[in-house]
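Here's the letter readout for the chains.
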Amino acid sequence: REIKKLQPLVDKINGWEKEISKLSNEKLKNKTVEFKERLKKGETLDDLLPEAFAVVRETAKRVLGERPYDVQLLGGIVLHQGKIAEMKTGEGKTLTSTLPIYLNALEGKGVHIVTVNDYLAKRDCNWMGSVFSFLGISSACIMHEVSYIYEPENVDRDEVSVEMENLKQISRKDAYNADITYGTNNEFGFDYLRDNMTQSLEQMSQRELNFAIVDEVDSILIDEARTPLIISAPDTESTKLYQQFAQIVPRLKETTDYEVDEKDRNVKLTDEGISKVERFLNIKNLYDPSKIAYVHHLEQSLKAHILFKKEKDYIVKDGQVVIVDDFTGRLMEGRRYSEGLHQAIEAKEGVAIQRESKTLATITFQNYFRMYKKLSGMTGTALTSAEEFAKVYELDVVEIPTHKPINRTDLPDVVYKTEKGKFDAIVKDIEKIHQAGQPILVGTIAIEKSEYLSNLLNKKNIPHNVLNAKQHEKEAAIIAHAGEKGAITIATNMAGRGTDIKLGEGVKELGGLYIIGTERHEARRIDNQLRGRAGRQGDPGVSQFYVSLEDELMRRFGGDKMKGMMDTLKLPEDQPIQNKIISKTIESAQSKIEGFNFDIRKHVLDYDDVMNKQREVVYKKRKEILKSKNTRNKILRMINEEIERIISLYAKVEAG
């Protein structure tokens, strides 16, 4: 219905194509000046949309050799309207975004494009920069430690490589003053917090938050929204207690001394466990108010030792504990768990314990992105989270039709009793498919699983690539070739995200790319993203998920019942079962977890909403003080008000 409403607008854009295509390069470039003049005279962006989109389409055709399809025009309109465009993988989201980016950049108030990693920010700024530069619009990108502006030296027609000669280093402030700024959600969020800690207006880098397009919107606004952004400084607290508890916790026994609640990811000490800890510490009452620090350290050590697993939740690299994002498989360098959990893990792993940190500034992604005047996003998988987008961000999701019908076969899940049985079956199937030359992409949910499968394939001398989202640029180049004949690629969810897998010669005839999922993820969207890597632009493809009753998802939600059923039927570990009831059980487990995770994010947001009121008042006041020429009178007035408040609170009025 939504798409039907937009069709007349698409027809209008197409109506301009003939006229615009006749313009010389010079006249096409001058359209930007003309549009800006028309805006000054009172026309709106909506008035300009049909002609402006036609101008971008013609420019992309001349500069990149790519003409946006009608479905991409639809996607562009939806983004301009401040909604989420759900476009399947391979439908050209990056090119689609150029249409509303250009239109909104005409106002000169800044457009932010939010990407999932630094490599994609740099790649897209360099790749699409040639279109904007042709039209006289500046584009920049912000990285972790450096910022660049696009200056054309060499048109980039290879979507994977980044031609660094086109990117000139500039200051952070200059990058934000460009018409268009690419960067990750972390960089935009942290810059906002840093700006509100500066000592002068000159040190602030961001302008008012105007319009943002969030790429992979579900990953950024939902998956990463469980963790707030925090700027902190080291506290003075000693690290000795962490080491002490790192020696005590391994001596405790499950069920006797503590109980694990896998569903809620929690560990509780039993009465016997409490007595044992009191004996180890040589104290009478662990819960005495003077021993509150002991309780805090003990709780964090229990979590660190029992719930947090090496190579799954974190890795140890160069003597430091680095968090692994459980949704994306990416390493989150520089991020630390809060409230002493990171120190407890450092003590467990025997690496140097960094001092606990004191929070200086914090904000959730939800509250940061809700500050933009207009917000929109694009992804291949948003419909399963449409309710959350509507409730939290007031964003509607619009499904954009594909340019060509989807031609992928999604096979039903196969379920094995044990993890070993499942992986043995995967290796056997990879061997069989590989012999025919059909390319295979294997998706895993954790680095440790990728490495386990890689070892099994090495034993069979089966050649393959392993990508763990550690080196985005290098991995994008590998994933771009994952559709070549005979290629086998093992990747965590996020590895090579944002890069199209094009099929090699003769692969269509073999059935296209074969996707193997080694486990169901707790979010259905992530599974759909993996499936979506095959069958782009009407290509053939196959997807198949393998599940074992020992997988975390199954253990947490209902796997015991099914294991009991398989034991009763005396099924061997290598015999799979394919059954609609099982697939339904898995999907209901996923929707339960999605609801559970939504509650966690809602909880984080509820806390931050209270702080947000204070944050807004304090930051506004701060800005006013920085802007004003004479702060002396303002501060004296505040002192007077405070003195009056205190006197009226404590001084009794004498009668008569």
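Each remark here, short or long, concerns the structure printed above.
Calculation notes
- Residues numbered from 1 in each chain as written.
- Predicted model: local features only at pLDDT ≥ 70, side-chain atom pairs only at ≥ 80, totals over all residues.
- Heavy atoms only, no water.
- Core = buried A, V, L, I, M, F, W, Y, C linked by side-chain atoms within 4.5 Å.
- Buried < 20%, exposed > 50% of the residue type's maximum accessible area, 1.4 Å probe, protein only.
- Helix = DSSP H or I, 4+ residues; strand = E, 2+ residues; numbered from the N terminus.
- Domains from an automatic or database assignment.
- Contact = heavy atoms within 4.5 Å.
- Axes fitted to C-alpha atoms, helices over the stretch in contact; angles between N-to-C directions.
- Parallel < 35°, antiparallel > 145°, perpendicular 65-115°, else oblique.
- Left-handed = near helix turned anticlockwise from the far one by under 90°.
- Nonpolar A, V, L, I, M, F, W, Y, C, P; charged D, E, K, R; others polar.
- Pairing = 2+ DSSP bridges.
- Salt bridge = Lys/Arg side-chain N within 4 Å of Asp/Glu carboxyl O.
- Disulfide = S-S within 2.5 Å.
- Expected span 1.5 Å × (residues − 1).
- Bend = angle between axes of the 7 residues up to and from the residue.

Visitor: It is not clear to me how the nonpolar core should be interpreted in this structure. Could you clarify?
Guide: Tyr102, Tyr182, Leu193, Leu221, Phe369, Phe389 and Ile400 are the most contacted members of the largest nonpolar core, which totals 101 residues. With 10 residues, helix H3 (residues 45-63) is the largest single contributor of residues to this core. No fewer than three residues from each of domain 1 (1-228 + 365-399) and domain 4 (585-655) sit in this core. Every residue in contact with Ile400, bar those within four places of it in the chain, is listed here: Ile3, Val71, Leu74, Gly75, Val78, Ala85, Glu86 and Met87. Judged by nonpolar contacts, the second largest core, of 33 residues, contains Leu241, Ala246, Ile248 and Leu281.

Visitor: Whenever I open this one, the side chain of Asp257 confuses me. Can you help?
Guide: For Asp257, the location among the structural elements is in the loop between helix H10 (240-248) and strand S9 (258-261). If we skip the residues at most four places from it in the chain, Asp257 touches Arg251, Leu252, Lys268, Leu269, Thr270, Glu272, Gly273 and Lys276.

Visitor: When you look at unusual backbone geometry in this model, what are you seeing that I'm missing?
Guide: The phi dihedral of Glu394 falls on the positive side, at around 55°, and the residue is not glycine. Residue Glu394 is classed as exposed on the basis of its relative accessible area of 70%. A positive phi angle, near 50°, is found at Gln537, a position not held by glycine. With respect to the element layout, Gln537 can be found in the loop between helix H20 (524-531) and strand S23 (540-548).

Visitor: Would you take a moment to explain the packing of helix H4 (residues 70-80) against helix H5 (residues 93-105) for this structure?
Guide: The axes of two packed helices give the description: the angle between them and the distance between them. Two elements in contact, H4 and H5, have axes whose closest approach is 8 Å; the angle formed by their N-to-C orientations is 45°. It follows from the interaxial angle that H4 and H5 lie oblique. Seen along the crossing, H4 lies across H5 with a hand that is right-handed. Residue-level contacts link Gln72, Leu73, Gly75, Gly76, Leu79 and His80 of H4 to Leu95, Thr96, Ser97, Leu99, Pro100, Leu103 and Asn104 of H5. For the contact of H4 with H5, a count of residues per class yields 6 nonpolar, 7 polar and no charged.

Visitor: Sorry if this is basic, but what is going on with the sheet that holds strand S11 (residues 314-317) here?
Guide: Within a sheet, adjacent strands bond to each other through the backbone by hydrogen bonds, running parallel or antiparallel. Read from one edge of the open sheet, 3 strands run S11-S12-S13, paired in antiparallel fashion. Every interior strand has two partners, whereas the edge strands, S11 and strand S13 (331-332), have only one.

Visitor: How do you make sense of the pairing of strand S12 (residues 320-324) when you look at a structure like this?
Guide: Look at any regular strand and the pattern is simple: side chains alternate between the two faces of the sheet. When you tally the buried positions in S12, you get 4 out of 5 residues, the bulk of the element. One ladder, built from 4 bridges, connects S11 with S12; its direction is antiparallel. Within S12, the residue paired with Lys317 across the bridge is Gln320. Once S11 ends, the chain turns through 2 residues before running back antiparallel as S12, passing Asp318 with a positive phi of about 50°. With 2 bridges connecting them, S12 and S13 associate as antiparallel partners.

Visitor: Can you help me understand the pattern of salt bridges in this one?
Guide: Applying the stated criterion across every chain, the model contains 45 salt bridges. Among the salt bridges present, the one from Asp223 reaches Arg525, with a minimum N-O distance of 2.5 Å. Within this pair, whereas Asp223 is found in the loop between helix H9 (217-221) and strand S8 (229-234), its partner Arg525 is found in helix H20, the two being separated by 302 residues in sequence. The partner of Arg520 in a salt bridge is Asp527, and the shortest N-O contact between them spans 3.1 Å. You can call Arg520 buried: its relative accessible area is 6%. Linked through salt bridges whose partners overlap, the residues forming this network are Glu17, Arg57, Glu58, Lys61, Arg62, Arg67 and Asp70.

Visitor: Would you mind going over the state of the cysteines with me for this structure?
Guide: Such a bond, covalent and formed between the sulfur atoms of two cysteines, is termed a disulfide. This structure, assessed with the given rule, holds 0 disulfides. Cys125 takes part in no disulfide bond, and the closest cysteine sulfur, belonging to Cys141, lies 4.1 Å away. In this structure Cys125 comes out as buried when scored by relative accessible area, which is 0%.

Visitor: Is there a simple way to think about the sheet that holds strand S15 (residues 374-379) in this case?
Guide: In space, the 9 strands of this open sheet follow the order S5-S4-S3-S6-S2-S7-S15-S1-S16, with mixed pairing throughout. Looking at the sheet topology across the chains shown, the edges are occupied by strand S5 (167-170) and strand S16 (397-399). Here the strands of the sheet are splayed against their neighbours by 25° on average, with no regard to which way each runs. Inspection of the sheet shows strand S1 (residues 84-86) paired to S15 by 3 bridges, in the parallel sense. Bridged to Ala85 within S15 is Met378.

Visitor: Explain the environment of Thr359 to me, please; I cannot follow it from the model alone.
Guide: Positionally, Thr359 belongs in strand S14 (residues 357-363). Not counting the four nearest positions on each side in its chain, Thr359 is found in contact with Ile230, Ile231 and Ser232.

Visitor: How should the pairing of strand S7 (residues 211-215) be read in this particular structure?
Guide: Of all the 5 residues making up S7, 5 are buried; the element is thus mostly covered by neighbouring parts of the structure. Where burial is concerned, the two faces of S7 agree: the one with Phe211, Ile213 and Asp215 and the one with Ala212 and Val214 are both buried. With 5 bridges connecting them, S7 and S15 associate as parallel partners. Of the residues in S15, the one forming a bridge with Asp215 is Met378.

Visitor: Explanation requested: the packing of H10 against helix H13 (residues 341-349) in the structure shown.
Guide: Interhelical geometry of H10 versus H13 gives an angle of 55° and a closest axis separation of 9 Å. Taken together, the axes of H10 and H13 are oblique relative to one another. Between H10 and H13 lies a crossing of right-handed hand. From H10, Tyr242, Gln243 and Ala246 reach across to H13, where they touch Gln343, Ala344, Ala347 and Lys348. Among the residues forming the contact of H10 with H13, the class breakdown is 4 nonpolar, 2 polar and 1 charged.

Visitor: Mind showing me how you'd approach helix H1 (residues 2-21) here?
Guide: Residue pairs three or four apart in sequence face the same way in an α-helix, which turns once every 3.6 residues. Compared with an ideal rise of 1.5 Å per residue, which puts 20 residues at 28 Å, H1 spans 29 Å between its outermost C-alpha atoms and is within 8% of the ideal. Approximately 30° is the largest bend angle found in H1, and it occurs at Pro8. Of all the residues in H1, the buried ones are Ile3, Leu6, Val10, Ile13, Glu17 and Ile20. In this structure, the buried side of H1 is in contact with helix H2 (25-40), H3, H4 and S16.

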